[in-house]
Amino acid sequence: MTTTGAARARRYYDANTWKFLLSGSGQRAIHRELWAPEVTDLKGALHHAHDLVATEIGPEDRSVLDLGCGVGTAALYLARRLPVDVVGVSISPEQVRLAQRFAAAHGPLRGTVRFETADFTALPAGLVGFDVAFAIESFVHADPASAFFREAARALRPGGRLLVIDDVRTGDPADPRLDDVRTGWHAETLVSVPEAAALAAEAGLELTGSTDLSPYQRLGRPRDRLIAALQPALRRARSRSVWAESLVGGDALQRCHRAGLLEYRLLRFVKRS
Ligand SMILES: C[S@@+](CC[C@H](N)C(=O)[O-])C[C@H]1O[C@@H](n2cnc3c(N)ncnc32)[C@H](O)[C@@H]1O
């Protein structure tokens, strides 16, 4: 059964994916740049999240599940570099259509890729036995987070690992500065690390690591400053335009990071055997 949050995410990504692709510097990554010390250019910053996932895939791992796969960029990036078979699921049929198109036009891969429209809070029964599952900037859309962890755990083999790269809360869930992030960013789930660990534990997943990637973000780029300056107009337009709404959400997200209310983290979980 598709949840309300999933239905909202589907509408949002079906309508707006082409705008994300236009603003993504040609790398087709629908997530933020990460300027780790070894990153030297924008392409590297957009693929850094993919490199972090690749690092976590061991020599024995063959099957990988991308929960919230966007237009398939991570799957193609991984299968090009590693002998892995990647299944990507997105709630957006439009994204899956684009992912399949980009895969068909892609050069040789060391593994395989396959994409499906599916809700990661109610995965198809056949998606089981994966060595690794990962979610880049999709976990915040989970409605509810407990269902995300339950389904991820079900999809993994015993001993399999789940990687989540996303925003986590550091303080009071009722802080009003988070409101625009929740609505504009469609962030149904803004949990703290201990809350994520407790929810995952209920699903049989143990938190084994948590790395703060926040310092690698570049907040306040010129386009962010322009969007900040346009906030009065964007706030007036938000009820009529999902794009204006998302720019209000993105600005709020940046302000929450600056205020230390959010961190951007890589969380590692293992499915108990
Ligand atoms: C910010 S985009 C990130 C896409 C991709 N991971 C990337 O980094 O380019 C969020 C993704 O989560 C997916 N998503 C949101 N809710 C979902 C759900 N309930 N089930 C499956 N995918 C979902 C969206 O369709 C979209 O692909």
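Up top you'll find the structure we're talking about.
Quick caveat: nothing in here was measured; it's all calculated off a predicted structure.

Asks: For this particular structure, what's the right way to read unusual backbone geometry?
Replies: Glycine aside, negative phi is the norm for most residues, and most peptide bonds take the trans geometry. The peptide bond linking Asp143 to Pro144 adopts the cis configuration, its omega dihedral lying at 0°. Relative to the elements of secondary structure, Pro144 occurs in the loop between strand 4 (130-136) and helix 5 (145-155). At Arg28, a position not held by glycine, the phi torsion is positive, near 60°. Residue placement: Arg28 occurs in the loop between helix 1 (4-22) and helix 2 (42-56). For His186, which is not a glycine, the phi torsion comes out positive at approximately 55°. Relative to the assigned elements, His186 resides in the loop between helix 6 (179-184) and helix 7 (193-202).

Asks: I'm lost on the packing of helix 1 against helix 10 (residues 242-258) in this one. Help?
Replies: When two helices pack together, their arrangement is given by the angle between the helix axes and by the axis-to-axis distance. Closest axis-to-axis distance for the helix 1/helix 10 pair is 11 Å, and the angle between their directions is 75°. Between helix 1 and helix 10, the crossing angle belongs to the class labelled roughly perpendicular. Across from Tyr12, Asn16, Lys19 and Phe20 in helix 1, the residues of helix 10 making contact are Val242, Trp243 and Ser246. The residue inventory of the contact of helix 1 with helix 10, partitioned by class, reads four nonpolar, two polar and one charged.

Asks: Would you explain the pairing of strand 1 (residues 63-67) in this entry?
Replies: If a strand is regular, its side chains alternate between the two faces of the sheet. In terms of burial, strand 1 is largely enclosed, as five of its five residues are buried. Here strand 1 shows two buried faces, one formed by Ser63, Leu65 and Leu67 and the other by Val64 and Asp66. Alignment of strand 1 against strand 2 (residues 85-90), held across five bridges, turns out to be parallel. Bridged to Leu67 within strand 2 is Val89. For the crossover from strand 1 across helix 3 (residues 73-81) to strand 2, the handedness is right-handed. Pairing analysis gives three bridges linking strand 1 to strand 4, with the strands arranged parallel.

Reading the values: rules and limits
Residues numbered from 1 in each chain as written. Predicted model: local features only at pLDDT ≥ 70, side-chain atom pairs only at ≥ 80, totals over all residues. Heavy atoms only, no water. Helix = DSSP H or I, 4+ residues; strand = E, 2+ residues; numbered from the N terminus. Axes fitted to C-alpha atoms, helices over the stretch in contact; angles between N-to-C directions. Parallel < 35°, antiparallel > 145°, perpendicular 65-115°, else oblique. Contact = heavy atoms within 4.5 Å. Nonpolar A, V, L, I, M, F, W, Y, C, P; charged D, E, K, R; others polar. Buried < 20%, exposed > 50% of the residue type's maximum accessible area, 1.4 Å probe, protein only. Pairing = 2+ DSSP bridges. Right-handed = clockwise from strand over helix to strand, strands pointing away.

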